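# Coordinate inspection notes
What follows is the residue order along each chain.
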Amino acid sequence: MKRTLAAVASFAAVALALAGCSSGEGSSDASGGLTGEPVVVGVLAPMDGATAYPQTGYGAQAAERYVNEKLGGINGRPLKIDLCAGDGSPETAVNCANQFVTENVSAVFDAYDGSVGGAVPVLTAAKIPIVGELGATAVVDSLPWGQSFYFSGPLETSALGMVTILDQIGKKNASLAVTDGPPSHGYVDKLVMPAAKNLGMNVTPLYVPGNNMNFNVMAATELSTNPDVAGIIALTEDGCTGLFKALRAQGYKGTIFAGSCSQFISQMGADAAGAIVQPRVWVPASKANAPAEVQQQLDDFATSMEEIDRADQQSARSLYSFAGMVNLANVMKGIQGEINPDTVTTAMKAVKDMPTFAGPKVTCDGQQWANRPASCSHEAIFFEVQPDGSMKPVDPKGFISLDPSKMSAA
């Protein structure tokens, strides 16, 4: 049953300011002393607007410095990012795409920008490949093989991963909040519900306004169904923290599903223990339980963020950009001869069993996920928050394989 909290929203008209592209703060001195013609990669990051996540751009900037100073660049040539700040509008995405074409970039990195679909026609016409750690829209996930590549899988990974891990730990009745709006309804109806039904789960979505959320009412509404797991499908960090606090205040001691939220952990202390989080990679809070090579990678990420004076912006989103950019750089390092959109596309298509930064091995053959040729993986990782605030993998193996067939309509 769908439930909606009553809310009245008003929208003010705003003037559209198209964002210009630049190499980003600090990137001019991020060459690491390397000489030669730079390998330019366009980066579309949601850094402006109402749904801005500037951490996405910071992660890319930190990766640029790390690749040049620690990895020797791209076969001795410096990596240079052309960072364009998206603001959530397709018009700005188109503007960014045109700028990338003008700049003759070798590839475009999608830093989890929900408006990237607006850039697709321009980039595909120019035969510039789109690469990312994960996409925020099914548009890029379903492009023909060779036009886009995503290291950690498609949008379905989050939906199927959520119900898969809850089923694995024996949870069958979930009440979960999600921001109200057409994209959320589509995501729940087309992805979450079919997967839940195939796994014999009951998921009751609670649609809530994007602002002015009444956390006490939200918590009481979720708990009215006597769920064995409460929490969120997708909310802002502040929304997650407010709801989770309200659930605990109303006596709920069961499992909280927190999706990709993480800031609640430090703010809730011991009350956060037992929550299940679903990032796409190993995260800093999981370091103590990570393999040795991943521990070093997480240290490298932290150091790199410090070096661009963004130590306080370490988050899942900045890590996604950092990891994805490093992965792309490692692919480009294997190219012999000219590095351009054609050779990057060929190199990405040839990726097979490649270890990724803080992630699983990936293969970009277009066959990892049915009807989602951009996907390079069908694996996922989940963590349980510990009493001390650290994270421990729910499955001792870390990453587990998802079964894409469970996404079919039941």
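Residues numbered from 1 in each chain as written. Predicted model: local features only at pLDDT ≥ 70, side-chain atom pairs only at ≥ 80, totals over all residues. Heavy atoms only, no water.

## Let's talk about the UniProt feature "domain: Leucine-binding protein" (unreviewed entry) in the protein chain
Under the UniProt annotation, the feature "domain: Leucine-binding protein" (unreviewed entry) is placed at residues 38-368. The annotated region residues 38-368 carries 42% helix and 17% strand content, and the separation between its end C-alpha atoms amounts to 33 Å. (UniProt positions renumbered as here; feature names shortened; annotations may be inferred. Helix = DSSP H or I, 4+ residues; strand = E, 2+ residues; numbered from the N terminus.)

## Quick notes on helix α11 (residues 316-333)
Under the 1.5 Å per step criterion, the end-to-end length of α11 is 26 Å for 18 residues, consistent within 8% with the ideal 26 Å. Within α11, 15 of the 18 residues are buried, which leaves it mostly tucked inside the rest of the structure. (Expected span 1.5 Å × (residues − 1). Buried < 20%, exposed > 50% of the residue type's maximum accessible area, 1.4 Å probe, protein only.)

## Re the packing of α11 against helix α12 (residues 341-349)
Where α11 meets α12, the axes come as close as 9 Å, and the angle between the chain directions of the two elements is 100 degrees. Regarding the angle of α11 to α12, the classification is roughly perpendicular. Judged by residue contacts, Leu328, Val331 and Met332 of α11 engage Val344, Ala347 and Met348 from α12. (Axes fitted to C-alpha atoms, helices over the stretch in contact; angles between N-to-C directions. Parallel < 35°, antiparallel > 145°, perpendicular 65-115°, else oblique. Contact = heavy atoms within 4.5 Å.)

## A look at the pattern of salt bridges
Inspection of the entire model under this criterion finds 5 salt bridges. Close ionic contact of Lys172 with Asp167 constitutes a salt bridge, the shortest N to O distance being 2.4 Å. A relative accessible area of 36% places Lys172 in the partly exposed class. Take Asp167: its relative accessible area is 24%, and that puts it in the partly exposed class. In this structure, Lys287 engages Asp299 in a salt bridge whose closest nitrogen and oxygen atoms are separated by 2.5 Å. (Salt bridge = Lys/Arg side-chain N within 4 Å of Asp/Glu carboxyl O.)

## A word on the packing of aromatic side chains
Centre distance and the angle of the planes are the two values used to describe a pair of aromatic rings. Throughout the structure, instances matching the rule amount to 7 aromatic pairs. Centroid distance Tyr66 to Phe322: 5.3 Å. Interplanar angle 45 degrees. Geometry classified as tilted. Of this pair, Tyr66 sits in helix α1 (residues 55-70) while Phe322 sits in helix α11, and the two are 256 residues apart along the sequence. The exposure classification of Tyr66 matches that of Phe322, with both residues buried. (Phe/Tyr/Trp six-rings, centres within 6.5 Å; stacked < 30°, edge-to-face > 60°.)

## Some remarks on the state of the cysteines
The full count for this structure, using the stated rule, is 3 disulfides. Here Cys240 connects covalently by a disulfide to Cys261, the sulfurs 2.1 Å from one another. Across the S-S bond linking Cys240 and Cys261, the dihedral sits near 55 degrees, which makes this disulfide right-handed. Linking Cys240 in helix α8 (residues 237-249) with Cys261 in the loop between β11 (255-259) and α9 (264-268), this pair joins segments that are 21 residues apart in sequence. (Disulfide = S-S within 2.5 Å.)

## Some points on the packing of α1 against helix α10 (residues 292-307)
Contact geometry for α1 and α10: axes closest at 9 Å, N-to-C directions at 105 degrees. In terms of axis orientation, α1 runs roughly perpendicular to α10. Of α10, the residues touching α1 (which contributes Tyr58, Gly59, Ala62, Arg65, Tyr66 and Glu69) are Asp300, Ser304, Met305 and Glu307. A class-by-class count of the residues in the contact of α1 with α10 yields 4 nonpolar, 2 polar and 4 charged. (Nonpolar A, V, L, I, M, F, W, Y, C, P; charged D, E, K, R; others polar.)

## Looking at the environment of Lys333
Within the secondary structure, Lys333 sits in helix α11. Taking C-alpha positions, Lys333 is 5.6 Å from Asn75, a pair spaced 258 residues apart along the chain. Setting aside anything within four residues of it in sequence, one finds Lys333 in contact with Leu71, Gly73, Ile74 and Asn75.

## Overview of the nonpolar core
Ranked by internal contacts, the top residues of the largest apolar core, which has 84 residues, are Phe244, Phe264 and Met332. When residues in this core are grouped by element, the largest group, 11 residues, is from α11. Leaving out residues up to four positions away in the same chain, Phe264 has contacts with Glu237, Thr241, Phe244, Ala258, Ala272, Ala275, Val277 and Val385. (Core = buried A, V, L, I, M, F, W, Y, C linked by side-chain atoms within 4.5 Å.)

## Some remarks on unusual backbone geometry
Despite not being glycine, Asn75 shows a phi value in the positive range, around 55 degrees. Mapping Asn75 onto the fold places it in the loop between α1 and β4 (79-85). The phi angle at Ala358 is positive, at roughly 60 degrees, despite the residue not being glycine. Note on placement: Ala358 falls in the loop between β13 (354-355) and β14 (361-362).

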